[in-house]
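What follows is each chain in one-letter form.
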Amino acid sequence: MTAATATVIDGRAIAEQVRAEIAREVAAWVAAGHPPPGLATVLVGEDPASAIYVGGKQKATAEVGMRGFDHRLPQDASHAEVEAVLRELNADPEVAGILLQLPTPPQVDGAALTSLIDPAKDVDGLTPVSAGRLVQGKPGLRPCTPSGVMELLRRHDVELEGAEAVVVGRSDLVGKPVAQLLLAANATVTTCHSRTRDLPEVCRRADVLVAAVGRPELVRGDWIKPGATVIDVGINRTDDGLKGDVHFAEAAERAGLITPVPGGVGPMTIAMLLRNTLEAARSAHTR
């Protein structure tokens, strides 16, 4: 077996660059007389992973000079109680962005509540209005992880215009929006899923391959076109630790660029959340 030849994309380093840029922009925004952008997080229940995610988002918010509004509701909170909190945040001028941490407990309809968030404050980019704006190519807040994928591609000068891009996965959270963003960048996009015939053969066409399906090491090395860019969005907890959707060691022998798991796409998600919060604050000021 030959040594890996792909250049590994350092998502942590790029996320740090983005966060430093945002901190400078927030400082300039505040120096110009504006209040710091405010990010409100809403967490229902005691899910440990969700609590860690929300804590990380609030910490990152403070580090770039924004204000954090951390709302925690008990495990048995009713749908109506969560809805009331979201409606208050929609009306609060100090809150530029709102994030409802998913998943929610079963008595709370997370999808229905997400759709209640003011699209102008939808920093997760998940409301039906935000999704519609993305599809129609209109300005709006874009989902954070897909935006992070695009930022990694941009900072590595990956040529997307006319390129063949293959997205494995069609979730509302990643697969569909990243396909739309690639299309907007003038790539030719194929979206694959569990019913795709001869998935390996479709992947072999890809100049840019985005794996976002949630199956550990599904994508093997011989699925990769030599020199392709491989973006692995998967985070799968296995007995052997965290694994991506791509078999990294095999894929790295053929790819030109590749993201690792962890340390690839993951760190970009919070960085792009901060970017969205600043954009939402700027947009609110101009309305």
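These lines cover the structure that appears in this document, whether it is placed above or below. Please read all numbers here as calculations on a predicted model, not as lab measurements. (Residues numbered from 1 in each chain as written. Predicted model: local features only at pLDDT ≥ 70, side-chain atom pairs only at ≥ 80, totals over all residues. Heavy atoms only, no water.)

## Structural notes on the packing of helix α1 (residues 11-31) against helix α10 (residues 266-286)
Then, number 1: The contact between α1 and α10 brings their axes to 8 Å, and the two run at 20°. One way to sum up the angle between α1 and α10 is to call them roughly parallel. As for how α1 packs across α10, the hand of that crossing is left-handed. On the side of α1, the interface is formed by Gly-11, Arg-12, Ile-14, Ala-15, Val-18, Arg-19, Glu-21, Ile-22, Glu-25, Val-26 and Trp-29, while α10 contributes Pro-267, Met-268, Ile-270, Ala-271, Met-272, Leu-274, Arg-275, Leu-278, Ala-281, Arg-282 and His-285.
Then, number 2: Looking at side-chain class alone, the contact of α1 with α10 contains 14 nonpolar, two polar and six charged residues. (Axes fitted to C-alpha atoms, helices over the stretch in contact; angles between N-to-C directions. Helix = DSSP H or I, 4+ residues; strand = E, 2+ residues; numbered from the N terminus. Parallel < 35°, antiparallel > 145°, perpendicular 65-115°, else oblique. Left-handed = near helix turned anticlockwise from the far one by under 90°. Contact = heavy atoms within 4.5 Å. Nonpolar A, V, L, I, M, F, W, Y, C, P; charged D, E, K, R; others polar.)

## Digging into the nonpolar core
Then, number 1: Of all hydrophobic cores here, the largest spans 47 residues; its most connected members are Ile-22, Val-149, Leu-153, Leu-182, Val-210, Ile-231 and Val-233.
Then, number 2: Elements represented by at least two residues in this core include exactly α1, α6 (144-155), β5 (164-168), α7 (175-184), β7 (208-211) and α10.
Then, number 3: It is α10 that provides the largest number of residues to this core, a total of nine residues.
Then, number 4: Contacts of Ile-22, omitting those with residues within four sequence positions, involve Val-64, Met-66, Ala-271, Leu-274, Arg-275 and Leu-278.
Then, number 5: Among the nonpolar cores identified, the runner-up in size contains 21 residues, and Val-219, Val-230, Val-246 and Ala-252 belong to it. (Core = buried A, V, L, I, M, F, W, Y, C linked by side-chain atoms within 4.5 Å. Buried < 20%, exposed > 50% of the residue type's maximum accessible area, 1.4 Å probe, protein only.)

## Some remarks on the environment of Val-26
Then, number 1: Residue position: Val-26 is located in helix α1.
Then, number 2: Residue class for Val-26 comes out buried when judged on its relative accessible area of 2%.
Then, number 3: Separated by 56 residues in sequence, Val-26 and Val-82 have C-alpha atoms that sit 30 Å apart.

## Structural notes on the sheet that holds strand β8 (residues 229-232)
Then, number 1: Ordered in space as β1-β11-β8-β7-β5-β6, the six strands form an open sheet in which the pairing is parallel. The open sheet has two free edges, formed respectively by β1 (7-8) and β6 (188-192), since each of these has just one partner strand.
Then, number 2: On top of the sheet, α7 reaches β5, β6 and β7; it is set at about 170° to β5, its chief contact. (Pairing = 2+ DSSP bridges.)

## Considering the pattern of salt bridges
Then, number 1: Tallied over the entire structure, the rule returns 18 salt bridges.
Then, number 2: With its nearest N and O atoms 3.9 Å apart, the salt bridge here joins Glu-21 to Arg-275. Of this pair, Glu-21 sits in helix α1 while Arg-275 sits in helix α10; the two residues are 254 residues apart in sequence, bridging distant segments of the chain.
Then, number 3: What makes Glu-21 partly exposed here is its relative accessible area of 22%.
Then, number 4: Classification of Arg-275 by relative accessible area gives buried; the value is 17%.
Then, number 5: Its salt-bridge partner being Lys-225, residue Asp-207 comes within 2.7 Å of it at the nearest N-O pair. Of this pair, Asp-207 sits in the loop between α8 (199-203) and β7 while Lys-225 sits in the loop between β7 and β8; the two residues are 18 residues apart in sequence, bridging distant segments of the chain.
Then, number 6: On the accessibility criterion, Asp-207 (28% relative accessible area) is partly exposed.
Then, number 7: Residues participating in the shared-partner salt-bridge network are Glu-21, Glu-25, Glu-151, Arg-154, Arg-155, Arg-275, Glu-279 and Arg-282. (Salt bridge = Lys/Arg side-chain N within 4 Å of Asp/Glu carboxyl O.)

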